[in-house]
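# Architecture and fold: a report
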Amino acid sequence: MAEVVVREAGPAERETVVALLTGSWGSTVVVAHGVRYDAAELPALLAWSEGEPVGLLTYVIGDDGLEVVTLDAVVPRAGAGTALLAAAAERAWAAGADRLWLITTNDNLDALRFYQRRGLRIVAVVPGAVDEGRRLKPTIPLVGDHGIEIHDELVLEMRRPGDGGRPAR
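What comes next is a walk through the structure. (Residues numbered from 1 in each chain as written. Predicted model: local features only at pLDDT ≥ 70, side-chain atom pairs only at ≥ 80, totals over all residues. Heavy atoms only, no water.)

### A few points about the overall build of the protein
Scanning the protein from terminus to terminus reveals 4 helices and 9 strands. Order of helices (α) and strands (β) in the protein, N terminus to C terminus: β-α-β-β-β-β-β-α-β-α-β-α-β. Against the globule reference of 15 Å for 169 residues, the protein gives a C-alpha radius of gyration of 15 Å, in line with a compact fold. For the protein, the spread of C-alpha atoms along the three principal axes comes to 40 × 40 × 30 Å. (Helix = DSSP H or I, 4+ residues; strand = E, 2+ residues; numbered from the N terminus. Rg over C-alpha atoms; globule rule 2.2 N^0.38 Å.)

### A few points about the sheet that holds strand β1 (residues 5-8)
In a beta sheet, neighbouring strands are held together by backbone hydrogen bonds and run either parallel or antiparallel to one another. Spatial ordering of the open sheet is given by β1-β4-β5-β6-β7-β9-β8, a layout of 7 strands whose pairing is mixed. Both outer strands of the open sheet, β1 and β8 (121-126), are each paired with one neighbouring strand and no more. In this sheet, adjacent strand axes meet at a mean angle of 30° when their direction is disregarded. Relative to strand β9 (residues 153-159), strand β7 (residues 99-105) runs antiparallel, the two being bridged by 7 bridges. (Pairing = 2+ DSSP bridges. Axes fitted to C-alpha atoms, helices over the stretch in contact; angles between N-to-C directions.)

### A word on the nonpolar core
In terms of nonpolar packing, the biggest core is built from 27 residues, with Leu57, Val68, Leu100, Tyr115 and Leu120 touching the most fellow members. Of all the secondary structure elements, the ones that give two or more residues to this core are β4 (44-49), β5 (52-62), β6 (65-73), α2 (80-94), β7, α3 (109-117) and β9. With 8 residues, α2 is the largest single contributor of residues to this core. Those residues in contact with Leu100, other than ones at most four positions away along the chain, are Leu66, Val68, Leu85, Ala88, Ala89, Trp93, Leu120, Leu156, Glu157 and Met158. (Core = buried A, V, L, I, M, F, W, Y, C linked by side-chain atoms within 4.5 Å. Buried < 20%, exposed > 50% of the residue type's maximum accessible area, 1.4 Å probe, protein only. Contact = heavy atoms within 4.5 Å.)

### A short note on the pattern of salt bridges
The tally for this structure, following the rule as stated, stands at 8 salt bridges. Two residues, Glu157 and Arg99, come together in a salt bridge whose shortest N-O distance is 2.7 Å. Here Glu157, found in strand β9, pairs with Arg99, found in strand β7; they are 58 residues apart in sequence, far enough to count as distant. On the accessibility criterion, Glu157 (3% relative accessible area) is buried. Judged by relative accessible area, which is 5%, Arg99 ranks as buried. For Arg134, the salt bridge is made with Asp131, and the minimal N-O distance between the two is 2.8 Å. Its relative accessible area of 13% is what places Arg134 among the buried residues. Under the relative-accessibility criterion, Asp131 is labelled partly exposed at 33%. (Salt bridge = Lys/Arg side-chain N within 4 Å of Asp/Glu carboxyl O.)

### So, the environment of Val30
In this structure, Val30 sits in strand β2 (residues 29-32). It is 18 Å that separates the C-alpha atoms of Val30 and Leu100, two residues lying 70 residues apart in sequence. With residues up to four places along the chain from it excluded, the contact list for Val30 reads Trp25, Val35, Arg36, Tyr37, Ala39, Val69, Thr70 and Lys137.

### Some remarks on the environment of Pro138
When you line up the elements, Pro138 lands in the loop between α4 (129-133) and β9. Pro138 gets classed as exposed once you look at its relative accessible area, which sits at 65%. Separated by 120 residues in the primary sequence, Pro138 and Val18 have C-alpha atoms spaced 20 Å apart.

### Focus: α2
Since one α-helical turn is 3.6 residues long, residues separated by three or four positions face the same way. Taking 1.5 Å of rise per residue, the 15 residues of α2 would be expected to cover 21 Å, and the 21 Å separating its terminal C-alpha atoms lies within 8% of that figure. Buried residues of α2: Ala80, Gly81, Leu84, Leu85, Ala87, Ala88, Ala89, Ala92 and Trp93, and no others. Of the residues flanking the end of α2, it is Gly96, one or two places downstream, whose phi is positive at about 85°. (Expected span 1.5 Å × (residues − 1).)

This is the structure we're talking about:
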């Protein structure tokens, strides 16, 4: 497996960021917890391997910690997602955040496995949140991974090391 290197995306890589987001999400717009984001306008980390982009993570830092807005690996199980999540956690702790958190949907079983194996914990389930999110982004599909209807958001978080792993909510 080739080495994966993560670095902050700069203005020169905007086209790469837009292409990766559009390829994964159908556009640069994503909706989570009732907020509509243009992920191409957010801070981003790019994962590179052998001179090619292999992953992207977009995020925001706020009072409630570092929120991972999008995380996409071009090639699953090649290390890009793990490297991006680790780099985001480093940024969270360096910024003084107490937690890194994110939203995924009830159908995304592969993501749930991925995040939990990397230390994130489910701290909330918001029934019907995706149904409400379709008001902001009508193109959110009704059926997702594994033929599961998409209705709910799951909140996962990782606490700052030494914080006892206590959920913030």
